[in-house]
Amino acid sequence: MSHPSSVDLTGKVAVVTGSGRGLGLAYATALAAAGAAVVVNDLDAAVARRAVATLAEAGGKAVAETVAVGTAEAADRLVARAVDTFGRLDVLVTNAGILRDRMLWKMTDDDFDSVVTTHLRGTFTCARAAAVRMRAQGEGGSLVLVGSPAGQRGNVGQTNYAAAKAGIAAMARTWSMELARSGITVNAVVPVAATAMTETIPAFAPYVEAMRRGEPLPDALRKGEGFGTPEDCAALVPFLASDAARGITGQCLGIGGDKLALWSHPQEVATAYADGGWTPETIAAAWPTSVGRTPQTVGIPTPGLPEAR
């Protein structure tokens, strides 16, 4: 399959964590279709082997590395697998993740730690190992970190997940500055797709089930909410890994269904000043007519969804 030179990844090597199924497999498939060799990663060896076979049957090059991300040792294994098999590393996609949803007062230390270890620490350790290798190669590279709307806006029952994903967005901004001189771009993808994770969101669950029955998603989801299949989210990853995106870094980019979006960075939206500083009383007096006029909303909005059949 031929591609315009700006998005041709022939000769490049990618590691995609958590790529045995779902969004990760969609990312790995899109990278392989664009010409990249891919290291597929999953906890389940059989799932990883099936993913590799799927990519190979489509004409791609792929190998599997079965390991749980989170530790430095796991990250080093993934980078070594890429280098030992294909000779280099150009792209890292940090997709691996788990859920342990609980309300705050029910969330255990293990619920919190396991999610943060996989998502946040796993992103950190894998990105660090990849950055060391890419800097040694001296030819740049791409780190594509996978975020979530929950990390941008919060979500009920997802203290651990939302905190980890918010941290990933912050790391993307930080690393984009730190790695700029090395020619390594760092961006966060914020996907919205029908997966095992999103079906835990009550507003989306009926649509995920309907899609499994072969029913098409309505435009209110595909366009209004930017919600679709994992494959709908895949194109953004090879784009960010390509020469066409060399000038894009430090961004949080949303994709899903028919929608592509740029998320804003946190910034001040309203200010007020008091000569000599503030007291609790002056803040209370000024609040309703100054910064308090524009409170920010929270949560993942799902307005106007039609009733799923």
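Structure's up top.
Procedures and definitions
Residues numbered from 1 in each chain as written. Predicted model: local features only at pLDDT ≥ 70, side-chain atom pairs only at ≥ 80, totals over all residues. Heavy atoms only, no water. Buried < 20%, exposed > 50% of the residue type's maximum accessible area, 1.4 Å probe, protein only. Helix = DSSP H or I, 4+ residues; strand = E, 2+ residues; numbered from the N terminus. Arc of directions from axis to C-beta. Contact = heavy atoms within 4.5 Å. Salt bridge = Lys/Arg side-chain N within 4 Å of Asp/Glu carboxyl O. Axes fitted to C-alpha atoms, helices over the stretch in contact; angles between N-to-C directions. Parallel < 35°, antiparallel > 145°, perpendicular 65-115°, else oblique. Left-handed = near helix turned anticlockwise from the far one by under 90°. Nonpolar A, V, L, I, M, F, W, Y, C, P; charged D, E, K, R; others polar. Disulfide = S-S within 2.5 Å. Polar contact = N/O pair within 3.5 Å; in protein donor to acceptor, adjacent residues only side chain to side chain. Pairing = 2+ DSSP bridges. 1 Å grid on protein atoms, 1.4 Å probe; cavity = no way out; pocket = protein on both sides within 12 Å on 5 of 7 lines; lining within 4 Å. Points joined across faces, edges and corners; volume = space filled by probe spheres on them.

Enquirer: Is there a simple way to explain helix H7 (residues 205-212) in this structure?
Expert: Residues Tyr-207, Val-208 and Ala-210 constitute the buried set of H7. Across the axial projection of H7, the buried residues extend over an arc of 165 degrees, all falling on one side. In the core, the buried residues of H7 are packed alongside helix H8 (219-225). Directly after H7, the chain includes Gly-214, whose backbone phi takes a positive value near 90 degrees.

Enquirer: Before we go on, may I ask you to explain the pattern of salt bridges in this structure?
Expert: Once their charged atoms are close, side chains differing in charge can pair, the charge on each being opposite to the other. As enumerated under the stated definition, the model contains 12 salt bridges in all. A salt bridge links Glu-139 to Arg-88, with the nearest nitrogen and oxygen atoms 2.9 Å apart. Residue Glu-139 is located in the loop between helix H4 (109-137) and strand S5 (141-146), and its partner Arg-88 is located in the loop between helix H3 (72-86) and strand S4 (91-94); the two are separated by 51 residues in the primary sequence. According to the relative accessible area criterion, Glu-139 is exposed, its value standing at 56%. By relative accessible area, Arg-88 is classed as buried at 18%. For Arg-102, the salt bridge identified is with Asp-111, shortest N-O distance 3.8 Å.

Enquirer: Would you mind going over the environment of Ala-180 with me for this structure?
Expert: Following the sequence through the fold, Ala-180 ends up in the loop between helix H6 (159-178) and strand S6 (184-191). Between the C-alpha atoms of Ala-180 and Gly-250, which are 70 residues apart in sequence, the distance is 9.6 Å.

Enquirer: Even after reading the chapter, I still don't get the packing of H4 against H6, so can you show me in this structure?
Expert: A pair of packed helices is characterised by two quantities: the angle between their axes and the separation of those axes. Across the interface, H4 lies against H6 with an axial gap of 8 Å and an inter-helix angle of 15 degrees. Here H6 runs roughly parallel to H4, going by the angle between their axes. For the pair H4 and H6, the crossing hand works out as right-handed. Each of Asp-111, Phe-112, Val-115, Val-116, His-119, Leu-120, Thr-123, Phe-124 and Ala-127 in H4 lies in contact with H6, whose residues at this interface are Thr-159, Asn-160, Tyr-161, Ala-164, Lys-165, Gly-167, Ile-168, Met-171 and Trp-175. The class makeup of the residues in the contact of H4 with H6 is 11 nonpolar, 5 polar and 2 charged.

Enquirer: Hey, could you run me through the state of the cysteines in this one?
Expert: Between two cysteines, a covalent bond joining their sulfur atoms is known as a disulfide. Across all of its chains, the model carries 0 disulfides by this definition. There is no disulfide at Cys-126, and the cysteine sulfur nearest it, in Cys-252, is 19 Å away. This cysteine, Cys-252, is not joined by any disulfide, and Cys-233 carries the nearest cysteine sulfur, 15 Å off. Relative accessible area serves as the criterion here: at 1%, Cys-252 is assigned to the buried category.

Enquirer: Honestly, the side chain of Asp-42 in this entry has me stumped. Any pointers?
Expert: In this structure, Asp-42 sits in strand S2 (residues 37-42). Of the polar contacts made by the side chain of Asp-42, one reaches the backbone nitrogen of Gly-20; its length is 3.4 Å. Side-chain polar atoms of Asp-42 contact the backbone nitrogen of Asp-44, separated by 2.8 Å. Discounting chain neighbours no more than four positions away, the residues touching Asp-42 are Gly-20, Arg-21, Val-47, Ala-48, Glu-65, Thr-66 and Val-67.

Enquirer: Is there a simple way to explain the sheet that holds S2 in this structure?
Expert: Pairing between the strands of a sheet comes from backbone hydrogen bonds, and it takes one of two forms, parallel or antiparallel. Ordered in space as S3-S2-S1-S4-S5-S6-S7-S8, the 8 strands form an open sheet in which the pairing is mixed. The outermost strands of the open sheet, each flanked by one partner alone, are strand S3 (61-66) and strand S8 (259-262). Shown here is a sheet whose adjacent strand axes are inclined to one another by a mean of 20 degrees, direction ignored.

Enquirer: For this particular structure, what's the right way to read the packing of H3 against H4?
Expert: Contact geometry for H3 and H4: axes closest at 8 Å, N-to-C directions at 40 degrees. One element, H3, and the other, H4, form an angle in the oblique class. Relative to H4, the crossing made by H3 is right-handed. Judged by residue contacts, Ala-72, Ala-75, Asp-76, Leu-78, Val-79 and Val-83 of H3 engage Thr-125, Cys-126, Arg-128, Ala-129, Ala-130 and Arg-133 from H4. Broken down by class, the residue content of the contact of H3 with H4 amounts to 8 nonpolar, 1 polar and 3 charged.

Enquirer: So what exactly am I meant to see when it comes to the layout of surface pockets here?
Expert: Where empty space is left in the structure can be found by rolling a water-sized probe over the atoms. Its boundaries defined by the atoms lining it, the second largest pocket holds a volume of some 370 Å³. Across the lining of the second largest pocket, the residue classes break down as 5 nonpolar, 7 polar and 2 charged.

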